[in-house]
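# Descriptive analysis of the structure
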Amino acid sequence: QMCSNFWMYLGEGAKRWITFHPDDAPLLSPTWDAPEQIHRFAPLAQLESDAQSAASLRQARRLEFELRAGEVLYIPHNTPHEVTNLAATCAVSANYLDQTNVDLSLAQGTAKLPSREPGSARHANLRAMLDALGEVEWPA
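This write-up is about the structure you can find in this document.

Quick notes on the rules
- Residues numbered from 1 in each chain as written.
- Predicted model: local features only at pLDDT ≥ 70, side-chain atom pairs only at ≥ 80, totals over all residues.
- Heavy atoms only, no water.
- Pairing = 2+ DSSP bridges.
- Helix = DSSP H or I, 4+ residues; strand = E, 2+ residues; numbered from the N terminus.
- Axes fitted to C-alpha atoms, helices over the stretch in contact; angles between N-to-C directions.
- Buried < 20%, exposed > 50% of the residue type's maximum accessible area, 1.4 Å probe, protein only.
- Contact = heavy atoms within 4.5 Å.
- 1 Å grid on protein atoms, 1.4 Å probe; cavity = no way out; pocket = protein on both sides within 12 Å on 5 of 7 lines; lining within 4 Å.
- Points joined across faces, edges and corners; volume = space filled by probe spheres on them.
- Nonpolar A, V, L, I, M, F, W, Y, C, P; charged D, E, K, R; others polar.

## Brief notes about the sheet that holds strand S2 (residues 14-20)
- As summarised here, the arrangement of the three strands in space is S5-S2-S7, forming an open sheet in which the pairing is antiparallel. Only two strands of the sheet have a single neighbouring strand rather than two, namely strand S5 (62-68) and strand S7 (81-85). Strand-to-strand, the axes of this sheet are offset by a mean angle of 15 degrees, without reference to chain direction.
- Two elements, S2 and S7, share five bridges in a ladder whose sense is antiparallel. Within the sheet, the bridge partner assigned to tryptophan 17 lies in S7 and is valine 83.

Right, dumping it as C-alpha cells:
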C-alpha cells in the first residue's frame, strides 16, 4: 500500500464507492497496524452499529458515488474508502508513486523494514524497492 495513489478504469459492471477526506481519518476510529505502518478501518456497517463510532463518523466529510463501466477514477494517497461491487466487474487499476507521495512512501517503507525478518525475501524486496525509489530524481 505504501502511501500510494490509485487509479481504476472500470470496463464492465458498477461499483459503489464511499470516500472520506484524508484529514477526517481519525473520525473513522482507525487502528494502527505497526508492522505494516498503516491505519486499518473497520467496515462502515460495523462503525455505524456502534453509537460512539457512528456519532464520530457523522462528522466526517463523506463522498458517495457509483463508478460505471467506461469511467476512470483517481483516489489520492491516504484517502479512506470502502468499495462494494454492485455487479460482476472487470477493471484495470494500479497503485503508483509520484512526487506527491514518494517521500511518505519512503518513510513508511523505512519504518516497515525492522518488522521484516532480516535475510527473508520480504526484507530483501522491501530494501531493494526503497533503494530504487531513493535513486529516482523526482520532479519538483
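## Description of the side chain of histidine 77
- Looking at the element boundaries, histidine 77 is found in the loop between strand S6 (72-75) and S7.
- We classify histidine 77 as buried; its relative accessible area is 16%.
- When sequence neighbours within four positions are dropped, the list of residues in contact with histidine 77 reads Cys3, Ser4, Asn5, Thr100, Asn101 and Leu104.

## Notes on the layout of surface pockets
- When its volume is computed, the largest pocket comes out at roughly 820 Å³.
- Surrounding the largest pocket, 29 residues form its lining, His39, Phe41, Asn78, Thr79 and Pro80 being those nearest its centre.
- At the level of secondary structure, the elements contributing two or more residues to the lining of the largest pocket comprise strand S1 (5-12), S2, strand S4 (38-40), helix H1 (44-49) and S7.
- Taken together, the residues that form the lining of the largest pocket break down as 16 nonpolar, eleven polar and two charged.

## Examining unusual backbone geometry
- You will see that serine 29, though not glycine, has its phi angle at about 55 degrees, which is positive.
- Residue placement: serine 29 occurs in the loop between S2 and strand S3 (31-33).
- Residues other than glycine seldom take positive phi values, yet glutamine 37 does so here, at roughly 60 degrees.
- Here glutamine 37 lies in the loop between S3 and S4.

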